[in-house]
Amino acid sequence: MSDDADRASEYETMERAHAITQAARSMAKRSAVSLTHCLECGEKIPDKRRQAEPGCELCVQCKAGMEKKGGFWV
């Protein structure tokens, strides 16, 4: 049976692993190249969006529509 210290240690390990994963994803995304045109509708993705969201592949409208449907474009 685990005691409180063991559970706290396991929780801390999980939190640390999650933080490391998130940091790695963030670093990779910053260096990602955004597409010039949306994969979904083919419209041009504005430069401001491409700069604000490195690695973006969808225009704002298509991204919002996908998130609303519960599908997330990674």
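Residues numbered from 1 in each chain as written. Predicted model: local features only at pLDDT ≥ 70, side-chain atom pairs only at ≥ 80, totals over all residues. Heavy atoms only, no water.

Caption draft 1: Structural detail: the nonpolar core. Counting 6 residues, the largest nonpolar core consists of Cys38, Ile45, Cys56, Leu58, Cys59 and Cys62. The contact partners of Cys38, leaving out residues within four places of it in the chain, are Glu43, Ile45, Glu57, Leu58, Cys59 and Cys62. (Core = buried A, V, L, I, M, F, W, Y, C linked by side-chain atoms within 4.5 Å. Buried < 20%, exposed > 50% of the residue type's maximum accessible area, 1.4 Å probe, protein only. Contact = heavy atoms within 4.5 Å.)

Caption draft 2: View of the pattern of salt bridges. Across all of its chains, the model carries 5 salt bridges by this definition. For Asp4, the salt bridge goes to Arg7, with nearest N and O atoms at 2.2 Å. Separated by 3 residues within a single helix, Asp4 and Arg7 lie in helix 1 (residues 4-30), roughly one turn from each other. Here Arg16 ties to Glu12 by a salt bridge, and the two come within 2.9 Å at their closest N and O atoms. Within this pair, Arg16 and its partner Glu12 are both found in helix 1, separated by 4 residues, close to a single helical turn. Among the charged side chains, a salt-bridge network with shared partners connects Lys44, Asp47 and Arg50. (Salt bridge = Lys/Arg side-chain N within 4 Å of Asp/Glu carboxyl O. Helix = DSSP H or I, 4+ residues; strand = E, 2+ residues; numbered from the N terminus.)

Caption draft 3: Highlighting the state of the cysteines. One pass over the structure, following the stated rule, counts 0 disulfides. With no disulfide of its own, Cys41 has Cys62 as its nearest cysteine by sulfur position, at a separation of 3.8 Å. Classification of Cys41 by relative accessible area gives partly exposed; the value is 39%. Cysteine Cys62 is unpaired, with the sulfur of Cys59 as its nearest cysteine sulfur at 3.6 Å. (Disulfide = S-S within 2.5 Å.)

This is a description of form; function is not addressed.
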